[in-house]
Amino acid sequence: MKIYLNGKLVEKQDARVSVFDHGFLYGDGAFEGIRSYGSRVFRLDQHIDRLYETMHTLMIDPGMTKKQMSDAVVVTLRANKIKDGYIRLIVSRGDGDLGLDPRKCLGRPNVIIIADKITLYPAELYQKGMEIITVPTAKNSPNALNPQLKSLNYLNNILAKMEASLSGYNEAIMLEQNGYVGECTGDNVFIYKDGVLSTPHLGRLKGITCAAILELALKMKIKVFEGYITRHEVYNANECFLTGTAAELIPIVKVDGRVIGNGKPGLVTKKLLDAFHQLTKKDGVKYDM
Ligand code: PXG
C-alpha cells in the first residue's frame, strides 16, 4: 500500500509523522472520507471544498491549492490501483511543542492520503434495515466545537459510538443541546412522512451524501424539509434512513424500541437508494489507471 505523505508516495511502514504533531497531541486538524466508484471519485470537488472550509476556520494552510489537493487524491488512487474504494484525506496542523499554542507549530501541516477498500455494514442490514438508539452524549454545541467542522477531534462522536455499541447497536442518534435530533455518529438522519422528506438543518455535519439525497428527492418531486426534528417525529415517521460516505443509505426500522412504519425498509428509501447508486455511476471525477 502506498500512502501520500506531503507530496510523496511512500510505503505504509514509512508513512510516519512526529509525536509532536498537533493532530496527534490535540486532534488539531481536518479530514475527509471520500469514496470512488468504478474509477470515479464521487463528488470530489464538494469534499475538497468542505475540507478547505474546515481548514479556513482552523486557520490551517496546507500550502496546496484545491486543484493540487484533488490531483493528489487521484494520484494516490492510481498508485494503489483502486477503482472502488475509500479515501481518507487528513491535514494535521503539524509539529509544535507540548503547548496548545498553534503559533508554535512552525513546520508545515502534514497532508496524508490513504486509499483503501471500504468496510460496509453487513449486506443483510440493507435488506432488513437497522435498529438504532438515542444515546446520552449530545452533539457539541456550535459555539464550542461546531459539528459542521470535520476536524480530527472526533471524541464527541466516539463517546456516542461507545454508548451505542455497549448497548448492542451499530449506530446512535445524538441530540443537539436543545434536545432536537442532530445526527448519528458517522451518518446524517432522514425521516419520511406523508410525502415529505425531512432532515435536521444545523448542528450536524453538512454531509455530501445528505446533499446528494436531497437533490435526488427534489428531482423525484418529493417535498424536502430541513429544520428542527424531534424524536417523537422520528418514532412516528413512515420511513427512516441514514446517509454517509461509508454507509451510503441504510434503512432504519426501529429507533429506541419504536417500530418505524411497517418495520421494513420503506419504498421511498429504496427508490432513493437506487437513484443514489445510479448517480455514483456518472457523478464524479473520472481517472484512468
Ligand atoms: N455526520 C457525521 C458526524 C460524519 O462523521 C456524516 C455525517 C456523513 O457525511 P458524508 O459527507 O460522508 O455524507 C459523517 C461521515 C465512520 C466514519 O467510520 C464516518 C465519517 C467519517 C469517518 C468515519 O463511520 N463521516
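Rules used in this analysis
Residues numbered from 1 in each chain as written. Predicted model: local features only at pLDDT ≥ 70, side-chain atom pairs only at ≥ 80, totals over all residues. Heavy atoms only, no water. Domains from an automatic or database assignment. Contact = heavy atoms within 4.5 Å. Salt bridge = Lys/Arg side-chain N within 4 Å of Asp/Glu carboxyl O. Buried < 20%, exposed > 50% of the residue type's maximum accessible area, 1.4 Å probe, protein only. Helix = DSSP H or I, 4+ residues; strand = E, 2+ residues; numbered from the N terminus. Pairing = 2+ DSSP bridges. Near = heavy atom within 4 Å. Polar contact = N/O pair within 3.5 Å; in protein donor to acceptor, adjacent residues only side chain to side chain. Areas by Shrake-Rupley, 256 points an atom, 1.4 Å probe, with all protein chains shown as cover. 1 Å grid on protein atoms, 1.4 Å probe; cavity = no way out; pocket = protein on both sides within 12 Å on 5 of 7 lines; lining within 4 Å. Sits in = over half its atoms within 2 Å of the grid points. Nonpolar A, V, L, I, M, F, W, Y, C, P; charged D, E, K, R; others polar.

A word on the domain arrangement of the chain
Turning to step 1, where the next piece is worked out: According to the domain assignment, the chain consists of domain 1 (2-116) and domain 2 (123-280).
Turning to step 2, where the next piece is worked out: Between the C-alpha centres of domain 1 and domain 2 there is a distance of 27 Å.
Turning to step 3, where the next piece is worked out: The interface is formed by 25 residues belonging to domain 1 together with 20 residues belonging to domain 2.
Turning to step 4, where the next piece is worked out: At the junction of domain 1 with domain 2, the criterion picks out two salt bridges.

Digging into the pairing of strand 5 (residues 85-92)
Turning to step 1, where the next piece is worked out: A large share of strand 5 lies buried, amounting to seven of its eight residues.
Turning to step 2, where the next piece is worked out: In the sheet, strand 3 (residues 29-37) pairs with strand 5 via eight bridges, with the strands oriented antiparallel. Residue pairing for strand 5: Ala 30 is matched across the bridge by Val 91.
Turning to step 3, where the next piece is worked out: As paired strands, strand 5 and strand 6 (residues 110-116) are joined by seven bridges and run antiparallel to one another. Residue pairing for strand 6: Leu 89 is matched across the bridge by Ile 113.

Let's talk about the site of the ligand
Turning to step 1, where the next piece is worked out: Taken together, 20 residues lie around the ligand, and Lys 150, Tyr 154, Glu 183, Thr 209 and Thr 245 are the ones closest in.
Turning to step 2, where the next piece is worked out: Taking Tyr 154, its side chain carries an N or O atom lying 2.5 Å from an oxygen atom of the ligand.
Turning to step 3, where the next piece is worked out: Thr 245 is positioned with one of its side-chain polar atoms (N or O) 2.5 Å from an oxygen atom of the ligand.
Turning to step 4, where the next piece is worked out: Against a free-state accessible area of 550 Å², the protein chains account for coverage of 83% of the ligand.
Turning to step 5, where the next piece is worked out: More than half of the atoms of the ligand fall within 2 Å of the grid points belonging to the largest pocket.
Turning to step 6, where the next piece is worked out: Taken together, the residues that form the shell around the ligand break down as six nonpolar, nine polar and five charged.

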